[in-house]
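# Commentary on secondary and tertiary structure
Here is what each chain is made of, one letter per residue.
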Amino acid sequence: MTAPTPALATSGLSKSFGALGVARSIDFALPAGARHALIGPNGAGKTSFINLLTGALAPDAGRISLSGTDITEMPTHRRVKLGLVRTFQITSLFPDFTPLESLTMTICEREGVAGRMLRGFRRLSHLADEAHALLAGIGLADSAHAITRTLPYGRQRLLEIGVALAARPRVLLLDEPAAGVPEKESGALLEAIAALPDDIAVMFIEHDMDLVFRFARSITVLVAGQVLCEGTPAQIAEDARVREVYLGAHFDG
Amino acid sequence: MESIAPGAGFERRSRLRAGEVLLWLAIAAAPLYVPGHLVLASQILITALFALSLDLLLGYGGMISLGHAAYFGTGAYTAGLLAQHGWSEPISGLVAAMLVAAALGFAASFVIVRLSGVALLMVTLGLGLLLFELANALADITGGSDGLQGVEIAPLLGLFGFDMVGRTGFVYAYLVALGAFALVRRIVHSPFGLSLQGYRENPARMAQIGAPMAARLRLVNTISAGLAGLAGGLLAQTTQFVGLDALGFERSAEVVIILILGGGGRLYGGLVGALVFMIGRDVLSEANPEYWYFWLGLILVLVVLFMPQGILGGGAALLVRLRGRAALGEAAR
Amino acid sequence: MAVELLTLLFNGLAYGVLLFLMAIGLSVTMGMMNFVNLAHGAFAMLGGYLGISLTTRAGVPFLAALPLVFVAVGAVGAGIEVTLYRRFYRSPQLTHVLFTIGLTFMAVAGATYVWGSQIAAMRVPDWLIGQTMFLGLQVGSYRLFLLLVGGAIALALVFGLERTRFGAMVRATVDNRRMAQSLGIDVGRVFSLTFALGSGLAGLGGALAVNFLGGIQPAFPLGYLLVYFLIVVTVGGLGSTLGALAAALLLGLADAAAKFYAPVIASFAIYLVMVVLLMWRPHGILGRR
């Protein structure tokens, strides 16, 4: 038997804006069911890397494959259909929708009925039911009918994950999922992240090292668009180069 | 909140409400209580239909158009020219008006879906002015600034002639508008309609939930153009005249104002806006037509400042507040 | 043939300079705050009518009326910016469009009320009437005046933006508002001053335009002029002064040439060119964003 196909892999992925190389020949593999953290100092190219993976940016060179399928040239929405889904560092929701509407809309896309013009929701109520069950699963049931922009920030961050889950990802990219969430609201969010199904490969960008070491089983350190090193949390914590990059500051606590 | 079944929100919203039935019955009864104003009533319906076509694009899809009169005028000239050249049967003429306008909308949509912001404003504005100047230049065909003369429409179904009182015209406009509202109602309450509103709420996020929006936006621009053409064709047939103003910037601006005044993204905003606008214009411009634009501008400024959700949105908010107060009052008791 | 071409070039450039003066304020303020001010043409109209009133009713000499118009319209612009526009900077562009169309309609009706709906003309000194020899070319005196005055102001603007402290602040704010703010630039004040300057220039351009266009009417800010402004802004690229200058001169030339060689299709050919240009480069010929 050969090694199992990674859920997501890149080879030689490169992108530069003029003289600034935001991704420099990145070789990367995310195994199925991974809990992987992508860390690095500001400006290391972490968000650019996610943008390359989702197709928001087109690479100058290199390939991207999802469960063995080459998706390098594929438009974003088709990558989502194949199971590559992300969340946003800056909350990107549907302000006047209810959470139920946001998730139902996403499920309609996934089920391929979102282009239907003349079909009412009476015959699609099972999709709304699924959306509701999903919301209940992440603790948002009592906000299902609220208007999104009136929700507290922590609940919006939860909804951000809920919308992504509704697309039924195989690979989930979380861009700083807990950024800016006040401590008293963060409990439900961390629970939701901990409860993500095992069959989803998760990669997250995070600056909060407590979170990184709590959830990650493996870590990639990105510096100036290049992979500096990869390893288990223990290996990364011991790595002298990583300490140098971070000046030790975040690793002491 | 607990008593609401999970998916009930969607079903309830798309269910036909008693108020809607009453509204359409009340409009149908117009010949009974305003028998002398049926021409104005038809024009309100036509304007409402035009505003509805924009609502689909702007109110639901969040895509601005400052040149929607391009489609309205295309429909009007199509219907008018057909009739002028001997094809006087109204229904087929109206269908042709809709199809030609939709075809133009389809062609334009390839440009429009690639743009946003100021560039979108410019291109829609430019498209409208382009057609206006084209119609002006082709005076041999369109009659230029004199308008299209000699538009003769045969009786509807060979039975009901279009008369000066406007009875046939009113019934005709009523049925077409009713059909268009039913169609748009169906569309906005479908999964397609939901994704269209999702695009309005957050265009950038749609691709990330797996939505191929470009194709859908092209489709909705085509439908919107077709409905605008329908409205234009109706105006040409019921008034038996087409003027250059059918393509003018003022008409494009007016329909945006009417929709915003009534409330976009609420299906009946265009109808309410058209009603208030047309009657207001009738009253205010009677005294002094030159200053009508002052009132129009003032209304627009006040709506933007104090009632950004339009009459329907403002009314809904007021209702919520009153209910809240009533509930508080009950609780106090 | 060569004379004809040179005359055409001359007239086109004169018109282009005029368009630049009237539109540059719109370009810079749009680039700075992303505020879509469709009422910009109303400032030009106001300038035109003020100039007419000053020269014909108040008896102010034409050359003295021009700076007065600049200051007065600039002050009106600043007043509107502070009291009305400021609250909309965070609103969606649709709100800007609606609000400023509303203001334009009111301005048009207001001008009809004050100045009537007839075409009004400006009183200019005798030495600006008729033809003059310029570089061996028989040209209209007023157009020559326009080209010289407008060209001088345009050059002063371009250099002012590049070389002065205020110009640097304006450029920094257009470039990146947040960064400018964090560098200690009072963005609100810079914007107010820029807006006043831009409105004043539009007013001055409007006053200069009256005699060039053969008079003005209240519908002035609604007609093709609005579109020409927007063409200058979008084709030139938001906030780019040189881009706006290039676009205005090109547009002036294209307009003059089209009206001369193909008067029938001229009016819509210009829109066609604009749509194609915007498809090709949605952010303008020299635009970055």
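Small disclaimer: the values here were computed from a predicted structure and weren't measured. (Residues numbered from 1 in each chain as written. Chains lettered and ligands numbered in written order. Predicted model: local features only at pLDDT ≥ 70, side-chain atom pairs only at ≥ 80, totals over all residues.)

Residues and elements named next belong to chain A. Overall, mixed pairing links the 6 strands, which are arranged β6-β7-β8-β3-β9-β10 in an open sheet. Each of the sheet's edge strands pairs with one partner strand only, and the pair in question is β6 (84-86) and β10 (226-231). Each adjacent strand pair in this sheet contributes to an overall mean axis angle of 20°, direction not counted. In this structure, strand β3 (residues 35-39) lies alongside strand β8 (residues 201-205), joined through 4 bridges in parallel fashion. Residue pairing in the sheet places L38 in a bridge with I205 of β8. (Pairing = 2+ DSSP bridges. Helix = DSSP H or I, 4+ residues; strand = E, 2+ residues; numbered from the N terminus. Axes fitted to C-alpha atoms, helices over the stretch in contact; angles between N-to-C directions.)

Below, the discussion takes up the arrangement of the chains. Between chains A and B lies the most contact-rich interface of the 2 pairs of chains that touch. These two, chain A and chain C, are apart from each other, with no contact and a minimum C-alpha gap of 14 Å. (Contact = placed C-beta atoms within 7 Å.)

Turning next to the nonpolar core. Ranked by size, the top nonpolar core spans 276 residues in total, and within it L49 of chain B together with F20, A23 and V232 of chain C carry the most contacts. Counting residues per element, this core draws most heavily on helix α1 (residues 2-33) of chain C, which supplies 16 residues. Apart from residues lying up to four places away in sequence, F20 of chain C is in contact with A154, V232, A244, L245 and A248 of chain C. (Core = buried A, V, L, I, M, F, W, Y, C linked by C-beta atoms within 7 Å. Buried ≥ 20, exposed ≤ 12 C-beta atoms within 10 Å, placed from the backbone.)

The next subject is the interface of chain B and chain C. Each side of the interface is counted separately: chain B has 31 residues, and chain C has 34 residues. Among the elements of the structure, α7 (117-137), α13 (249-262) and α15 (292-306) of chain B are those that each provide at least two residues to the side of chain B that touches chain C. It is α7 of chain B that provides the largest number of residues to the side of chain B that touches chain C, a total of 14 residues. Partitioning the side of chain B that touches chain C into residue classes produces 26 nonpolar, 3 polar and 2 charged. (Nonpolar A, V, L, I, M, F, W, Y, C, P; charged D, E, K, R; others polar.)

Below, the discussion takes up helix α11 (residues 263-280) of chain C. All names here are of chain C. For α11, built from 18 residues, the straight-helix expectation of 26 Å at 1.5 Å per residue is met to within 8% by its first-to-last C-alpha distance of 26 Å. Along α11, the largest kink reaches about 35° and is centred on A269. The set of residues buried in α11 consists of S267, F268, I270, Y271, M274 and L278. (Expected span 1.5 Å × (residues − 1). Bend = angle between axes of the 7 residues up to and from the residue.)

The next point concerns the interface of chain A and chain B. Listed by partner, the interface residues are 39 residues for chain A and 28 residues for chain B. By residue number, the principal contributor to the side of chain A that touches chain B is helix α3 (residues 99-110) of chain A, which donates 7 residues. The class makeup of the residues in the side of chain A that touches chain B is 17 nonpolar, 11 polar and 11 charged.

In this section: the confidence of the model for chain B. Residues and elements named next belong to chain B. Averaged over every residue, the pLDDT of chain B is 85; residues scoring 70 or more account for 92%. Mean pLDDT per element in chain B: helix α1 (residues 8-14) is the minimum at 60, and helix α12 (residues 213-239) is the maximum at 94. Overall, residues 1-7 carries pLDDT values under 50, and its contacts beyond four positions in sequence, including any with other chains, amount to 10 contacts. With pTM at 0.86, the complex prediction returns an ipTM value of 0.87. (pLDDT = per-residue confidence, 0-100.)

So, on to the sheet that holds strand β5 (residues 69-70) of chain A. Residues and elements named next belong to chain A. The 4 strands lie next to each other as β2-β1-β4-β5, forming an open sheet whose pairing is antiparallel. In the strand order of this sheet, the two ends are held by β2 (20-30) and β5, each with one partner. Summarising the sheet, strand β1 (residues 8-17) and strand β4 (residues 61-66) pair through 5 bridges and their orientation is antiparallel. By the bridge assignment for β4, L8 is matched with L66.

This part is about helix α6 (residues 165-175) of chain C. All names here are of chain C. Among the residues making up α6, those that are buried are V170, T173 and V174. With its buried residues spanning 100° around the axis, α6 presents them on a single face. On its buried face, α6 sits against α1, α5 (141-163), α7 (177-182) and α8 (187-213). (Arc of directions from axis to C-beta.)

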